[in-house]
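# What the coordinates show
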Amino acid sequence: MKACIAGTGSYAPANVVTNADLERMVATSDEWIRERTGIRERRIAATGEACSDLAVQAGKRALTAAGLSATDLDMILVATCTGDYPLPATACLVQHQLGATKAAACDLSAACCGFVYALSVADAYVKSGMRHVLVIGSEVMSAITDWTDRNTCVLFGDGAGAVVVSASDGEQGILSTHLRSDGTLCELIMVPGGGSRTPPSEKVIAERLQYIKMKGNETFKVAVRTLEEIARTTLSANGLRVEDLDLYVPHQANVRILKAVIERLGLPKEKVLLNLDRYGNTSAASIPIALDEAVREGRIKDGSLVMLGAFGAGLTWASAVIRW
Ligand code: UT7
């Protein structure tokens, strides 16, 4: 018994914010952002548009692609670090909106690795008897972005991507997933205020502690090392060579990180999905949005061998390899 991807979907808010728009907000330039990150524009949620709203749209599209109804779902997992509320789980709001009356629902918090972590949970549940699990990565990063901090505000965007993971007894399916973390590096990317250590207060607001703080340069180096390491682990666990891959779908954080990784792995750039120029870093949503685009553009077909690779706050890093 394997777990396969039965359908994909994605959704991005209509509002496009370009690098030129950011030039009017902080001391930056289109040239700096494009050269240092590869990002040209990102989508930003409208006022009042929350994580579950994006997730529901992506989830509906994935269900349609899979030819399933919401009532077929056994479980909904939402990977996010920007849920609608501290509680309840955003997945419960999605379950209600979709009318997935038979589904259990919970969120998974592993920052930019959240989707791959959630995919591995779905894989395990399907292998142990569930039939259909909806896995959604959905983020409204704009809500935790400090729009006065040029070190971070040029990087992030909002969006959602979803896959339906279903039981399969054929060749197709998730071949393996690999999950890692190193909490000694927890301070590299952090939202320091608003949680139980530093609950919301006037001080939190005054010091802007409710927003993402990131040591970008240190994160960059760890990202290159961990993405290369986990890709090699994944290939060797499955007896695969780099040449066997049809497509590498990495977390879309920075084009320079990804160029360094694929150079080290010896992967031709034609086999790498890059769309961060249009979305920026959408955290847990980046890989499922990219997967959905690849499927709809015909870059992933039945039989394609696809490897995912992610890293993010925690630090966490993760991968999966899928025979489509
Ligand atoms: O998914 C979450 C994981 N996070 C990441 O993947 C982020 C990983 N890190 C990065 O992508 C890069 O480190 C950044 C894009 C964040 C920064 O690029 P960098 O090449 O590492 O630049 P830097 O931090 O070393 O800064 C270089 C200079 C600094 O100025 P000085 O000190 O040399 O005068 C910054 O103040 O660039 C300056 N700078 C900017 N200049 C114009 C930083 N942000 C900007 C900006 N516009 N937006």
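Only a predicted model underlies this, so the values are computations on that prediction, with no experimental measurement involved. (Residues numbered from 1 in each chain as written. Predicted model: local features only at pLDDT ≥ 70, side-chain atom pairs only at ≥ 80, totals over all residues. Heavy atoms only, no water.)

### A short note on the pattern of salt bridges
Per the stated rule, a full pass over the model turns up 13 salt bridges. Here Arg-241 and Glu-243 are joined by a salt bridge, their closest N and O atoms 3.8 Å apart. For Glu-243, a relative accessible area of 53% puts it in the exposed group. Residue Asp-244 is joined to Arg-241 by a salt bridge in which the shortest nitrogen-to-oxygen separation is 3.1 Å. Under the relative-accessibility criterion, Asp-244 is labelled partly exposed at 25%. One salt-bridge network, in which partners are shared between bridges, spans Glu-228, Arg-232 and Arg-264. (Salt bridge = Lys/Arg side-chain N within 4 Å of Asp/Glu carboxyl O. Buried < 20%, exposed > 50% of the residue type's maximum accessible area, 1.4 Å probe, protein only.)

### Thoughts on the side chain of Asp-146
With respect to the element layout, Asp-146 can be found in the loop between β6 (132–140) and α6 (150–153). The exposure class of Asp-146 is buried, given its relative accessible area of 5%. Engagement of the side chain of Asp-146 in a polar contact is seen with the side chain of Thr-148, the distance being 2.7 Å. Among all residues touching Asp-146, those that are not within four sequence positions of it are Thr-152, Cys-153, Arg-208, Tyr-211 and Lys-213. (Helix = DSSP H or I, 4+ residues; strand = E, 2+ residues; numbered from the N terminus. Polar contact = N/O pair within 3.5 Å; in protein donor to acceptor, adjacent residues only side chain to side chain. Contact = heavy atoms within 4.5 Å.)

### Concerning the pairing of strand β12 (residues 305–312)
The buried count for β12 comes to eight of eight residues, which makes it a mostly enclosed element. Of the two faces of β12, the one lined by Leu-305, Met-307, Gly-309 and Phe-311 and the one lined by Val-306, Leu-308, Ala-310 and Gly-312 are each fully buried. By the bridge criterion, four bridges tie strand β11 (residues 247–250) to β12 in an arrangement that is parallel. Note that in β12 the partner of Pro-250 across the bridge is Gly-309. Here β12 pairs with strand β13 (residues 316–323) via eight bridges, running antiparallel. Note on β13: the bridge partner recorded for Val-306 is Ile-322. (Pairing = 2+ DSSP bridges.)

### Regarding the domain arrangement of the chain
Here the chain is partitioned into domain 1 (2–170) and domain 2 (175–323). On a C-alpha basis, the centres of domain 1 and domain 2 stand 14 Å from each other. Taken together, the contact between domain 1 and domain 2 spans 51 residues of the former and 45 residues of the latter. Regarding the contact of domain 1 and domain 2, the summed buried area is about 3,600 Å², with carbon and sulfur atoms giving 65% of it. Remark: the boundary between domain 1 and domain 2 carries one salt bridge. The interface formed by domain 1 and domain 2 includes 19 residue pairs in polar contact (both at pLDDT 80 or more). Elements that contribute at least two residues to the side of domain 1 that touches domain 2 include exactly β1 (2–11), α2 (30–37), β3 (41–43), α3 (51–66), α5 (114–127), β6 and β7 (158–168). At seven residues, the largest contribution of residues to the side of domain 1 that touches domain 2 is made by α5. Its residues placed into classes, the side of domain 1 that touches domain 2 shows 22 nonpolar, 16 polar and 13 charged. (Domains from an automatic or database assignment. Buried area = accessible area lost by both parts, 1.4 Å probe. Nonpolar A, V, L, I, M, F, W, Y, C, P; charged D, E, K, R; others polar.)

### Thoughts on the sheet that holds β11
Pairing within the open sheet is mixed, and its four strands lie in the order β8-β13-β12-β11. The open sheet has two edge strands, β8 (173–181) and β11, and neither has a second partner. Taking the axes of each pair of neighbouring strands and ignoring which way they run, one obtains an average angle of 10° across the sheet. In this fold helix α8 (residues 216–237) packs onto β8, β11, β12 and β13, with an angle of close to 145° to the strand it touches most, β12. (Axes fitted to C-alpha atoms, helices over the stretch in contact; angles between N-to-C directions.)

### Digging into the site of the ligand
The environment of the ligand is made up of 23 residues, and the closest members are Thr-28, Arg-36, Asn-217, Asn-254 and Asn-281. A distance of 2.7 Å separates an oxygen atom of the ligand from a polar atom in the side chain of Asn-254. Arg-256 is positioned such that a nitrogen or oxygen atom in its side chain is 2.9 Å from an oxygen atom of the ligand. Out of a free accessible area of 950 Å², the ligand has 74% covered by protein chains. Within the residue set of the shell around the ligand, elements represented by two or more residues are α2, α6, α8 and α9 (255–265). No other element matches the four residues that α8 contributes to the shell around the ligand. Its residues assigned to classes, the shell around the ligand comprises eleven nonpolar, nine polar and three charged. Domain assignment of the residues forming the shell around the ligand places at least three in each of domain 1 (2–170) and domain 2 (175–323). (Near = heavy atom within 4 Å. Areas by Shrake-Rupley, 256 points an atom, 1.4 Å probe, with all protein chains shown as cover.)

### Things to note about unusual backbone geometry
A cis geometry characterises the amide bond from Leu-87 onward to Pro-88, with omega recorded as 5°. Here Pro-88 is to be found in the loop between β4 (75–79) and α4 (90–98). Omega for the peptide link from Gly-314 to Leu-315 comes to -15°, which places this bond in the cis form. One can find Leu-315 in the loop between β12 and β13. Positive phi is not limited to glycine here, since Arg-208 has a value of about 55°. Looking at the element boundaries, Arg-208 is found in the loop between α7 (202–206) and β10 (213–214).

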